[in-house]
Amino acid sequence: GQLLFLDISVPRNVEPLSQTIAGITIINVDDLQSLAQENRIEREAHIVHANNLIDHETEDFFNGLLQHHSHRLIAEIHRKAEDIRQDHLQKFSGYFDEAHRDHLETFTAGLTRKLFHEMTHNIRNLEADTSEGLAQLQALEKLFNLTPGE
């Protein structure tokens, strides 16, 4: 049979030469410390891996959050611009005959799209830098007098 001696005393109580006898295993304090050190190194490697995973997932989460926020903001800015455009078309439609109103509709729709095209592109590009991106989106909300979730 096998015998295992766990010698945790200092000085040792089990003769080290006993280990030369077949079937006898001796584990002493030095062996336990060595095993503990190996386990600590392995756990630290797992901690590094876990921290990298957390960093990656956090970055993905904030990129997704920023993307959602930027898409909502773009939609709100376009909605607000369209509301203003429609309001002004209605106010001034009496000054134009039907043929000119259609041209005016086409002209103002194109103008609105052209004005917001580059800004929309730039807002979408904010997603790459979450540290500044959210602050910039919040500044845009203030500039366009939008409230979060509006």
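Everything discussed here concerns the structure shown above.
Figured I'd write up the structure that's included with this text. (Residues numbered from 1 in each chain as written. Predicted model: local features only at pLDDT ≥ 70, side-chain atom pairs only at ≥ 80, totals over all residues. Heavy atoms only, no water.)

### Digging into the overall build of the chain
Thought 1: Helices and strands together make up the secondary structure of the chain, namely three helices and two strands.
Thought 2: In the chain, the succession of α and β elements from N to C terminus is β-β-α-α-α.
Thought 3: Against the globule reference of 15 Å for 150 residues, the chain gives a C-alpha radius of gyration of 35 Å, more extended than a compact globule.
Thought 4: Projected onto the principal axes, the alpha-carbon positions of the chain cover approximately 110 × 25 × 20 Å.
Thought 5: Looking at the chain residue by residue over its 150 residues, the buried ones come to 19%.
Thought 6: Summarising the internal contacts of the chain: among those between residues at least 6 apart in sequence, 53% fall at separations of at least 24.
Thought 7: Here the chain displays about 11,300 Å² of accessible surface, and carbon together with sulfur accounts for 59% of that area.
Thought 8: In the chain, which carries 13 positive and 25 negative side-chain charges, the distance between the mean positions of the two groups comes to 11 Å. (Helix = DSSP H or I, 4+ residues; strand = E, 2+ residues; numbered from the N terminus. Rg over C-alpha atoms; globule rule 2.2 N^0.38 Å. Buried < 20%, exposed > 50% of the residue type's maximum accessible area, 1.4 Å probe, protein only. Contact = heavy atoms within 4.5 Å. Areas by Shrake-Rupley, 256 points an atom, 1.4 Å probe, with all protein chains shown as cover. Lys, Arg positive; Asp, Glu negative; His and termini not counted. Charge placed at Lys NZ, Arg CZ, Asp CG, Glu CD.)

### Some remarks on the pattern of salt bridges
Thought 1: Inspection of every chain in the model, using the stated rule, returns eight salt bridges.
Thought 2: The partner of R12 in a salt bridge is D30, with the nearest N and O atoms 2.5 Å apart. In this pair, R12 sits in the loop between β1 (3–7) and β2 (24–28) while D30 sits in helix α1 (residues 29–92), placing the two residues 18 residues apart along the sequence.
Thought 3: Here R101 and E98 are joined by a salt bridge, their closest N and O atoms 3.0 Å apart. You can see R101 and its partner E98 sitting in helix α2 (residues 98–125), three residues apart, about one turn around the helix. (Salt bridge = Lys/Arg side-chain N within 4 Å of Asp/Glu carboxyl O.)

### Here we look at the packing of aromatic side chains
Aromatic ring pairs are reported here in terms of the distance separating the ring centres and the angle at which the planes meet.
Thought 1: A complete count under the given rule lists two aromatic pairs for this structure.
Thought 2: Measuring from ring centre to ring centre gives 6.4 Å for F116 and F144, while their planes differ by 50 degrees; the resulting arrangement is tilted. Taken as a pair, F116 in helix α2 and F144 in the segment after α3 (130–143) lie far apart in primary sequence, 28 residues in all. (Phe/Tyr/Trp six-rings, centres within 6.5 Å; stacked < 30°, edge-to-face > 60°.)

### Some points on the nonpolar core
Where a protein is soluble and globular, its nonpolar side chains tend to be buried together.
Thought 1: The biggest cluster of nonpolar side chains holds eleven residues, and these are L66, L73, I74, I77, A81, F116, I123, L126, L137, L140 and L146.
Thought 2: Within the residue set of this core, elements represented by two or more residues are α1, α2 and α3.
Thought 3: Looking at which element gives the most residues to this core, the answer is α1, with five residues.
Thought 4: Contact partners of L146, with chain neighbours within four places excluded, come to L73, E76, I77, K80 and E141. (Core = buried A, V, L, I, M, F, W, Y, C linked by side-chain atoms within 4.5 Å.)

### A short note on a negative patch on the surface
Thought 1: A contiguous patch of negative charge on the surface is contributed by D55, E57, E59 and D60.
Thought 2: With respect to the helices, strands and loops of the structure, D60 is situated in helix α1. (Patch = residues over 30% accessible without salt bridge, like charges linked within 9 Å, V, L, I, M, F, W, Y side chains within 5 Å.)

### Here we look at the pairing of β2
Thought 1: What you see with β2 is a clean split: I24, I26 and N28 sit on the buried side and T25 and I27 on the side with no burial.
Thought 2: Across five bridges, β1 lies against β2 in parallel orientation. Considered in β2, the bridge of D7 is made with N28. (Pairing = 2+ DSSP bridges.)

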